[in-house]
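What the coordinates show
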Protein chains: 4
Amino acid sequence: MEPIDIEVVSDPDLEDPTFIEGLPGVGHVGKLVAEHLVEEFDGTLVRRVYTTQFPPQVTVDDEGVTELTHAEFHHVDAEGVDLLVLTGDHQAASNEGHYTLTDAFLDVAEEFGCERAFALGGVPTGELIEDDEYDVLGAVSDRDAREGLEEAGVEFREDEPAGGIVGVSGLVLGLGGRRGLNAACLMGETSGYLVDPKSAQAVLEVLQNALGFEVDFADLEERAEEMEEVVGKIQEMQGGGGMPSEDELRYIG
Amino acid sequence: MEPIDIEVVSDPDLEDPTFIEGLPGVGHVGKLVAEHLVEEFDGTLVRRVYTTQFPPQVTVDDEGVTELTHAEFHHVDAEGVDLLVLTGDHQAASNEGHYTLTDAFLDVAEEFGCERAFALGGVPTGELIEDDEYDVLGAVSDRDAREGLEEAGVEFREDEPAGGIVGVSGLVLGLGGRRGLNAACLMGETSGYLVDPKSAQAVLEVLQNALGFEVDFADLEERAEEMEEVVGKIQEMQGGGGMPSEDELRYIG
Amino acid sequence: MEPIDIEVVSDPDLEDPTFIEGLPGVGHVGKLVAEHLVEEFDGTLVRRVYTTQFPPQVTVDDEGVTELTHAEFHHVDAEGVDLLVLTGDHQAASNEGHYTLTDAFLDVAEEFGCERAFALGGVPTGELIEDDEYDVLGAVSDRDAREGLEEAGVEFREDEPAGGIVGVSGLVLGLGGRRGLNAACLMGETSGYLVDPKSAQAVLEVLQNALGFEVDFADLEERAEEMEEVVGKIQEMQGGGGMPSEDELRYIG
Amino acid sequence: MEPIDIEVVSDPDLEDPTFIEGLPGVGHVGKLVAEHLVEEFDGTLVRRVYTTQFPPQVTVDDEGVTELTHAEFHHVDAEGVDLLVLTGDHQAASNEGHYTLTDAFLDVAEEFGCERAFALGGVPTGELIEDDEYDVLGAVSDRDAREGLEEAGVEFREDEPAGGIVGVSGLVLGLGGRRGLNAACLMGETSGYLVDPKSAQAVLEVLQNALGFEVDFADLEERAEEMEEVVGKIQEMQGGGGMPSEDELRYIG
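Residues numbered from 1 in each chain as written. Chains lettered and ligands numbered in written order. Predicted model: local features only at pLDDT ≥ 70, side-chain atom pairs only at ≥ 80, totals over all residues. Heavy atoms only, no water.

Thoughts on the overall build of chain A
- Of regular secondary structure, chain A possesses 7 helices and 11 strands.
- Over its C-alpha atoms chain A spans a radius of gyration of 18 Å, differing by no more than 12% from the 18 Å that the globule rule assigns to 253 residues.
- The C-alpha extent of chain A, read off along each of the three principal axes, is 55 × 50 × 35 Å.
- When the 253 residues of chain A are sorted by exposure, 56% land in the buried category.
- Of the contacts made within chain A by residues no fewer than 6 positions apart, 76% connect residues no fewer than 24 positions apart.
- Surface accessibility of chain A: about 10,700 Å² in total, with carbon and sulfur atoms responsible for 40%.
- Side-chain charges of chain A comprise 13 positive and 58 negative groups, with the mean position of each set lying 5 Å from the other. (Helix = DSSP H or I, 4+ residues; strand = E, 2+ residues; numbered from the N terminus. Rg over C-alpha atoms; globule rule 2.2 N^0.38 Å. Buried < 20%, exposed > 50% of the residue type's maximum accessible area, 1.4 Å probe, protein only. Contact = heavy atoms within 4.5 Å. Areas by Shrake-Rupley, 256 points an atom, 1.4 Å probe, with all protein chains shown as cover. Lys, Arg positive; Asp, Glu negative; His and termini not counted. Charge placed at Lys NZ, Arg CZ, Asp CG, Glu CD.)

Notes on the interface of chain A and chain B
- If you look at the interface, chain A gives 23 residues, while chain B gives 26 residues.
- Taking both partners together, chain A and chain B bury about 2,000 Å²; carbon and sulfur atoms supply 52% of that area.
- Connecting chain A to chain B are 4 salt bridges.
- Across the pair Arg143 of chain B and Asp61 of chain A runs a salt bridge whose closest N-O atoms are separated by 3.4 Å.
- Remark: the boundary between chain A and chain B carries 17 residue pairs in polar contact (both at pLDDT 80 or more).
- Mapped onto the side of chain A that touches chain B, the elements with two or more residues apiece are strand S1 (4-8), strand S3 (44-51), strand S4 (57-60) and strand S5 (66-68) of chain A.
- Broken down by element, the residue count for the side of chain A that touches chain B peaks at 4 residues, all from S4 of chain A.
- Considering only residue class, the side of chain A that touches chain B consists of 10 nonpolar, 8 polar and 5 charged.
- With 2 bridges connecting them, S4 of chain A and strand S10 (residues 165-166) of chain B associate as antiparallel partners. Residue pairing for S10 of chain B: Val58 of chain A is matched across the bridge by Ile165 of chain B. (Buried area = accessible area lost by both parts, 1.4 Å probe. Salt bridge = Lys/Arg side-chain N within 4 Å of Asp/Glu carboxyl O. Polar contact = N/O pair within 3.5 Å; in protein donor to acceptor, adjacent residues only side chain to side chain. Nonpolar A, V, L, I, M, F, W, Y, C, P; charged D, E, K, R; others polar. Pairing = 2+ DSSP bridges.)

Some points on the arrangement of the chains
- With no contact between them, chain B and chain C keep their nearest C-alpha atoms 15 Å apart.
- Looking at chain A next to chain D, you find no contact at all, with the nearest C-alpha pair sitting 15 Å apart.

Comments concerning the pattern of salt bridges
- Under the definition given, this model contains 72 salt bridges over all chains.
- Here Asp11 of chain C and Arg47 of chain C are joined by a salt bridge, their closest N and O atoms 2.9 Å apart. You can see Asp11 of chain C sitting in the loop between strand S1 (4-8) and strand S2 (18-21) and its partner Arg47 of chain C sitting in strand S3 (residues 44-51), a full 36 residues away along the chain.
- Taken together, the shared-partner salt bridges in this structure form one network comprising Asp135, Glu155, Arg157, Glu160 and Glu189 of chain A.

Comments concerning the relation of the copies chain A and chain B
- The two copies are related by a screw operation: chain A maps onto chain B through 90° of rotation and 0.0 Å of translation along the axis, at an RMSD of 0.1 Å. A rotation of that kind, with that shift, is consistent with a four-fold axis. Ranked by how close their C-alpha atoms come to the rotation axis, the residues of chain A are headed by Ser94 of chain A, at 7.6 Å. (Least-squares fit on C-alpha atoms with pLDDT ≥ 70 in both.)

Quick notes on the packing of aromatic side chains
- The tally for this structure, following the rule as stated, stands at 12 aromatic pairs over all chains.
- Here the aromatic rings of Phe73 of chain B and Phe105 of chain B are separated by 5.9 Å at their centres, their planes lie at 70°, and the arrangement is edge-to-face. Of this pair, Phe73 of chain B sits in strand S6 (residues 71-78) while Phe105 of chain B sits in helix H2 (residues 95-111), and the two are 32 residues apart along the sequence. The same class applies to Phe73 of chain B and to Phe105 of chain B, which are both buried.
- Each ring, one from Phe19 of chain D and one from Phe73 of chain D, has its centre 5.9 Å from the other, and the planes form 35°; the classification is tilted. Here Phe19 of chain D is found in strand S2 (residues 18-21), whereas its partner Phe73 of chain D is found in strand S6 (residues 71-78), with 54 residues between them in sequence. (Phe/Tyr/Trp six-rings, centres within 6.5 Å; stacked < 30°, edge-to-face > 60°.)

Quick word on the packing of helix H1 (residues 29-40) of chain B against helix H6 (residues 218-237) of chain B
Residues and elements named next belong to chain B.
- Close contact between H1 and H6 brings their axes to 10 Å; oriented N to C, the two are set at 135°. Taken as axis vectors, H1 and H6 run oblique relative to one another. Residues Leu32, His36, Glu39 and Glu40 of H1 form the contact with H6, whose own contacting residues are Asp219, Leu220 and Arg223.
- Across the contact of H1 with H6, the residue classes tally to 2 nonpolar, 1 polar and 4 charged. (Axes fitted to C-alpha atoms, helices over the stretch in contact; angles between N-to-C directions. Parallel < 35°, antiparallel > 145°, perpendicular 65-115°, else oblique.)

So, the pairing of strand S8 (residues 116-124) of chain A
All names here are of chain A.
- With 7 of its 9 residues buried, S8 lies for the most part within the structure.
- Note that S8 and strand S11 (residues 182-190) share 9 bridges and pair parallel. Bridging across to S11, Ala117 finds its partner in Ala183.

Things to note about the sheet that holds S11 of chain A
Residues and elements named next belong to chain A.
- Sheet architecture is open: 8 strands sit in the order S1-S3-S6-S7-S2-S8-S11-S9, paired in mixed fashion. The sheet terminates laterally at S1 and strand S9 (136-140), the two strands that pair on one side only. Neighbour-to-neighbour, the strand axes of the sheet open up by a mean angle of 20°, direction not taken into account.

Digging into the interface of chain A and chain C
- Counting residues at the interface gives 26 residues for chain A and 23 residues for chain C.
- Both faces combined, the contact of chain A with chain C buries some 2,100 Å², and carbon together with sulfur accounts for 52% of it.
- Contact with chain C buries area across many residues of chain A, yet Tyr99, Arg143 and Arg178 of chain A alone supply 32% of it, more than any other trio.
- On inspection of chain A and its partner chain C, the count reaches 4 salt bridges.
- The tally of links between chain A and chain C comes to 16 residue pairs in polar contact (both at pLDDT 80 or more).
- Secondary structure elements with two or more residues in the side of chain A that touches chain C: helix H2 (95-111), S9, strand S10 (165-166) and helix H4 (167-179) of chain A.
- Residue contributions to the side of chain A that touches chain C peak at 7 residues, all from H4 of chain A.
- Looking at the side of chain A that touches chain C residue by residue, the class counts come to 10 nonpolar, 8 polar and 8 charged.

Section: a negative patch on the surface
All names here are of chain A.
- A surface patch of negative charge is lined by Glu39, Asp216, Asp219, Glu221, Glu222, Glu225, Glu226 and Glu229.
- With 6 residues, the single largest contributor to the negative patch is helix H6 (residues 218-237).
- With relative accessibility at 54%, the residue Glu229 sits in the exposed group. (Patch = residues over 30% accessible without salt bridge, like charges linked within 9 Å, V, L, I, M, F, W, Y side chains within 5 Å.)

Brief notes about unusual backbone geometry
- Of the consecutive residues Glu160 of chain B and Pro161 of chain B, the connecting peptide bond is found in the cis state with omega at -5°.
- Backbone geometry at Asp16 of chain A places phi at a positive 45°, although glycine is not the residue there.

Description of helix H4 (residues 167-179) of chain C
- End to end, H4 of chain C covers 18 Å across 13 residues, agreeing with the expected 18 Å (1.5 Å per residue, within 8%).
- Listed as buried for H4 of chain C are Gly167, Val168, Ser169, Gly170, Leu171, Val172, Leu173, Gly174, Leu175 and Gly176 of chain C. (Expected span 1.5 Å × (residues − 1).)

Observations regarding the layout of surface pockets
- Here the largest pocket is characterised by a volume of approximately 1,500 Å³.
- Taken together, 47 residues form the lining of the largest pocket, with Glu96 of chain A, Ser94 and Glu96 of chain B, Glu96 of chain C together with Glu96 of chain D sitting closest to its centre.
- Broken down by secondary-structure element, the contributors of at least two residues to the lining of the largest pocket are H2 of chain A, H2 of chain B, helix H2 (95-111) of chain C together with helix H2 (95-111) of chain D.
- In the lining of the largest pocket, the residues fall into 15 nonpolar, 27 polar and 5 charged. (1 Å grid on protein atoms, 1.4 Å probe; cavity = no way out; pocket = protein on both sides within 12 Å on 5 of 7 lines; lining within 4 Å. Points joined across faces, edges and corners; volume = space filled by probe spheres on them.)

Following this line, the structure appears as structure tokens:
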């Protein structure tokens, strides 16, 4: 196998598509949003990306059939808005691998004619978000894109996130920007301890505004309620309304 | 030395051979089965595989003579059933290495004409197995292969093992499946703490049923008795019939 | 992206320039000096060096605009003395990467005609420096360069630093020396626990003497005062004049 | 710089030379022997081996002059017996690197016409050696070489060392053996906690017998006495003749 092996599954013509990256990260926010889009709009698988950067691993499905771990691109038709959505279970295994792999992802996006990209993720606040006030923080590869995103509800804060943006999301902006791609990162605020469907909902709302489509939130709301029950139970076990400790939260999701 | 260096030792013609992978893993189940087959049927060494993915190490034999660490393919004639059995002491050292090395192993299997493969291993249950009820869990690269294996005694459980299958075994299915190889993974239940000859026996029984041969189990039974004595002594030392602690068990074998 | 990708920003003719390396290290001494030179003399950006050896990361500026992490070369005209100053936020990610990256840096220095180099850094003493007596330790790739540096105030101590010099600084001397570059390492004594502008000042003084220019120290002095306030507060919190513990100091800066 | 860069310093004609490897390892036994040979017989430097497998590091000498870390081959004329002695401060940084680097070392040995090799090292016993009874354990790439070594005082024990031989020493036998080199490993018993000049002496005695030369031991004896003083002081501090604890010993040398 080559270091990166891209399998062509289908090759639809897309109209002015936007590249959406939703690989795993803080609170699994980006992954939740990307998978929600693929499910709600019944996306079409267009590419499988296998790579020696991923763990040597197969998943086993409900019939006991294995599949070599890979990332997937789906074409999502969001009420006439064409999206090219990247999902998967892994980031790369090394610094160098992140660069090589993101370059390959950007090649696919370019091949489909994407001139715009959103890298989706979460930004950890270190505490549970109160009153469902989930801000969505933004960063852009191109200064001119900022105003439109502010109108869509994205917040820009000086020099934040302080540690920059790492992983594939960071490089979609870094390498994509150098290629001339108009790329933005949307980061939902999240505690950082939990898989966070509410933060995903906040990111999705911004994305709707920015791209002009609407999507049903029922599934995400259901998952959010499940998570709240889990948190509630932990709080009871602690005999009070206190916040679960970091250690307890780390393993939820 | 090249990253992978395959030494041809002999080149017998095999008739519809089955590739059996038994590298080290959970409970050394796969390794025990593969080595048992080579010994009982007096297998013929056909290939040595040296690789920079293995530790920089020589083993020393009973006469003080060294041998560079490597994996071996033996031809095993199991009562007329041709097997190509892979054994060794190591997995690869990196993600990328696992892919490269498994590809090389699959090349050898292909060269000998194997169209079917069994990757052998253990699946950890986290507790000692009671009453010798060692189930053998299965996963297949090809949905059609499932029925035959169920008849041979393999159990299929929805989405299990939950973490998928990792290492060379996983890739024999993942990469092998992509090449059109009909590959199955047979995983003997085992505590995960001990080298487990009983779990190996359970896997071997299933393999006999699936491929239509019979093999003597005396050696494995003897090793199983030795292991039981060890466990018994530990339980005595603890002054009771309690299960040895995880820490004690970790070092047995 | 190639493993190393050098972007030409401008290409001024330099007159007998000296290469100054100031990547992050002990006490961030080298980085502080290099950045101070670029700021005080209003340096001109000449090269951006991108590499897969750096983390997969973008920084976010005060307007929310991202930039792929990279190292920079500036031309600094220090009162008629031409300097080629290397700054950045990272060292390489592996042994091999350090060699490859330093070779690339030396190629740039050679391209601009540098025949002399200073690798700047700190040498940890393990305790806070008393009475502002910040010695600057030196090492040279070329024995003949020692005398001139001693005259400029550099101290040479037998076999020190005992552990040698590691990272890009070490290789500027090691690889640079093998190319015929006249390279010296200037290491300001520093506790090793704090970002140390005073140590940077000491290194800068030596550099001024060696190269024959003068630079304003006001900014470094201001940063040094800020650091002293921080240390003072910690000492108060400890209810005494004792030195802050290593754990407290580790996180300052 | 290339991954491996061999600098030719001189090119004497050697008569039936023996390759001696003495890189750092258990008790620094091999390194002590190799360096002792170079010093006592006033060896001539013939090759410097630089490699990206070594740390990015320069050493600093007593005059403050730096040298890029490397391994060295010396020609040693041991009373008419030609030796090609490899010394250095590092092993390789990765599995793959060990293979590549040892291959390069073997190329040099081959270039000088070595048909025989001794890889020198220590074998840890986990306890201080009593009454100066330092056995020297052996392993050979070629069964026929065993008898001669037994006559020289080497002990061969079934399947020992149990973990095989790792690092460059292991591969001098593993890779060298595959090339047809007659290679042996001589391992002096040593506690494993201390730099052990007495174990080095034991190895040196065997080597003298095997190759037919004599060397002065005074320097090694002196170092051994220094080590004994250190151990004695620790034992006093413990208020008794007890063996120093493993933790205390780990840091001596």
